[in-house]
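Topology and contacts: notes
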Amino acid sequence: MAILEFMDHLPPSASWAIAALFLVLWKYLSFPTEIPVIETRKGAEVSYAKAKQRFTAGGASLIRFTEAKFKAFFIITDLGERLILSGQRYAHELRNETRLDSGLFLEKDLYTTLPGFEPFSNGRRHGRITHDIVARLTRTIPAVVQPIAEEASLSIREVWTDEKEWHAINIQPSLARIIASVAGRIYIGEELSRNPRWLDAILSYTGKDVLAIYVLKKWPEWTIPLVHWLLPSCRNLRRRQQELRQLLLPVIAQRREQRARQASNKEKPQLDILDFIEESAHRGEAYDPVISTIAFFFATIPTASDLLTKVIFDIVSRPDLVAELRQEVIGAVESHGWSRNTIHSLKRMDSAIKETQRLQPVSSILMRRLATETFALKDGTVIPKGKIVGVTIHHMWDAELYPEPKKYDPYRFLRMKENPGQEHKAHAVATSVEHMGFGHGNAACPGRFFAVAAVKVILSHILVRYEIKSVESEMPRTLSAGISCIANPMAQLMVRRREEEIAL
Ligand code: HEM
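Owing to the predicted nature of the structure, the values given are computational and were not obtained by experimental measurement.

A few points about the coordination of the iron atom of the ligand
Among protein residues, the single donor to the iron atom of the ligand is Cys445 (SG), with a metal-donor distance of 2.3 Å. Tracing the backbone shows Cys445 in the loop between helix 18 (412–416) and helix 19 (448–465).

Here's what the structure looks like:
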């Protein structure tokens, strides 16, 4: 206030000079000079509104182009400011950096402290608890392959039908529905996971309702604590969460009674996510079982349906590949039924999944974290406290790492498994600097083991039970927005039921 009064008494030219000095100082203080700042505003644009729109349309190429010049740079993306670091140079160094926090990144980026938005934290608001729970989920995989297969079989039949004539389906939403059922069976039990009201609500919440985040992004940060109460998309999100709460709470209450009974009868039931959340939380941290449960669906449905859609689009126009993958499934199921060994035996499929993820990861910036303190990297690059850091994945398309990098080569990773020293990196669930499809380091996706197992079982059913082909007037298979690249929910494929060689 005093400064403004003081400036009132200065001649206009002096006021302008002081204002300009403040601007320069602000820029200097908020971005350390070592790291270049890429200006995305054009001409006389004062705000970043138009620059953000341009970033949504062409941000991924801009980042790639800029990375060729600078290994670290600040840029305003459609989702806000980011400190972009070149993956090839920094991913290894940053992988276990404790001064970079993925939970705080989600809190800032996905508004996970606002009511309605909490589950977008991937469960990270409970810190390591999430990792403990997902680790327990991973340990149950051998026991749940059979239930995954049963649920996949049921839900695929429901969604893709037994129709023997060719018919068009919207592939991504149909797979999201199948994954919601499969994950639901394993996470919360079949009673609720087959309830159509639950399915509709969880698919909306993790699908179209999420767009509330992008609506909020258009508002200046300081207005968000108020506008989120008023915007229809945010109100809808809160309502949907309430609906999910009403459906989940009775199941949680029933579950508590059931487990108490089973404990007194010394029974050992197959535990699920509801049990794991309950047990982890009893170790001390305050928690909301509904938000934690929904968080697991949010982490699973959009991501796994996106990956599976991209895989199917990649294989559909290659009949030989489809036939080979189908044969692999038949051989594996004949030998092992539905078991952990079946999942391990699907080596060609494993390679094809990894190749799709190499070419079409969910985002071209991963390892997104918020710096909790200012610190310097080995080469002296200073990461300032409070900034959001993201690491590029463009080296996954680099000829030095992958010959003919743009080519979809489904058996690339199968061959890599034969190279001594490389085999551990070649599995779909492996993370490395060279393949960051599931992120890399201490905050890499802990759910990848379950996700890959579920994707393999669902794809196996699809291959053996259906023929698939492209539609005539094809839509773009993916949609790009800024740094994200997702399967187009409007894109279609033709499917028809075939006579399966083996009962699944
Ligand atoms: C195909 C399916 C999936 C894909 C493609 C995927 C992808 C990812 C990626 C790329 C990250 C790291 C983000 C970054 O580095 O910026 C991540 C983090 C995470 N994922 Fe997944 N995910 C999948 C399935 C799952 C499932 C099934 C679960 C849980 C059951 C899960 C739980 C998580 C959690 C909790 C994190 C945050 C880890 C942390 O911040 O410490 N994900 N996921």
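Regarding the domain arrangement of the chain
Domains assigned within the chain are domain 1 (1–30) and domain 2 (31–497). Computed from C-alpha coordinates alone, the two centres of domain 1 and domain 2 are separated by 47 Å.

A look at helix 15 (residues 319–336)
Its 18 residues give helix 15 an end-to-end C-alpha distance of 26 Å, which sits within 8% of 26 Å, the value for a rise of 1.5 Å per residue. Every buried residue of helix 15 is listed here: Leu321, Val322, Leu325, Arg326, Glu328, Val329, Ile330, Ala332 and Val333. Elements in contact with the buried residues of helix 15: helix 14 (289–316), helix 16 (340–345), helix 17 (347–359), helix 19 and strand 10 (466–470). Immediately downstream of helix 15, the backbone of Gly337 shows phi near 65°, a positive value.

Some thoughts on the sheet that holds strand 3 (residues 80–85)
Two orientations exist for strands paired in a sheet by backbone hydrogen bonds: parallel and antiparallel. Here we have 6 strands laid out as an open sheet, ordered 1-2-3-9-6-4, and mixed in their pairing. In this open sheet, the two edge strands, each paired with only one partner strand, are strand 1 (37–38) and strand 4 (100–101). Looking at chain direction, strand 3 and strand 9 (residues 388–392) are connected through 3 bridges and run parallel. Residue pairing for strand 9: Leu85 is matched across the bridge by Val391. Against the sheet, helix 3 (residues 49–67) touches strand 1, strand 2 (72–77), strand 3, strand 6 (365–371) and strand 9, its axis set at about 170° to strand 2.

Description of the nonpolar core
The biggest cluster of nonpolar side chains holds 104 residues, and the ones touching the most others in it are Phe117, Trp160 and Tyr187. Among the elements that take part in this core, helix 14 stands out by supplying 14 residues, more than any other. The residues touching Phe117, leaving out its near neighbours within four places in the chain, are Leu110, Tyr111, Thr112, Tyr205, Ala212, Ile213, Leu216, Cys234, Leu237 and Gln241. Within the second largest apolar cluster, 21 residues are counted, among which are Ile35, Leu85, Leu94 and Ala371.

Definitions and limits used
Residues numbered from 1 in each chain as written. Predicted model: local features only at pLDDT ≥ 70, side-chain atom pairs only at ≥ 80, totals over all residues. Heavy atoms only, no water. Donors = N, O, S within 2.8 Å, 3.2 Å for Na, K, Ca; no water. Helix = DSSP H or I, 4+ residues; strand = E, 2+ residues; numbered from the N terminus. Domains from an automatic or database assignment. Expected span 1.5 Å × (residues − 1). Buried < 20%, exposed > 50% of the residue type's maximum accessible area, 1.4 Å probe, protein only. Contact = heavy atoms within 4.5 Å. Pairing = 2+ DSSP bridges. Axes fitted to C-alpha atoms, helices over the stretch in contact; angles between N-to-C directions. Core = buried A, V, L, I, M, F, W, Y, C linked by side-chain atoms within 4.5 Å.

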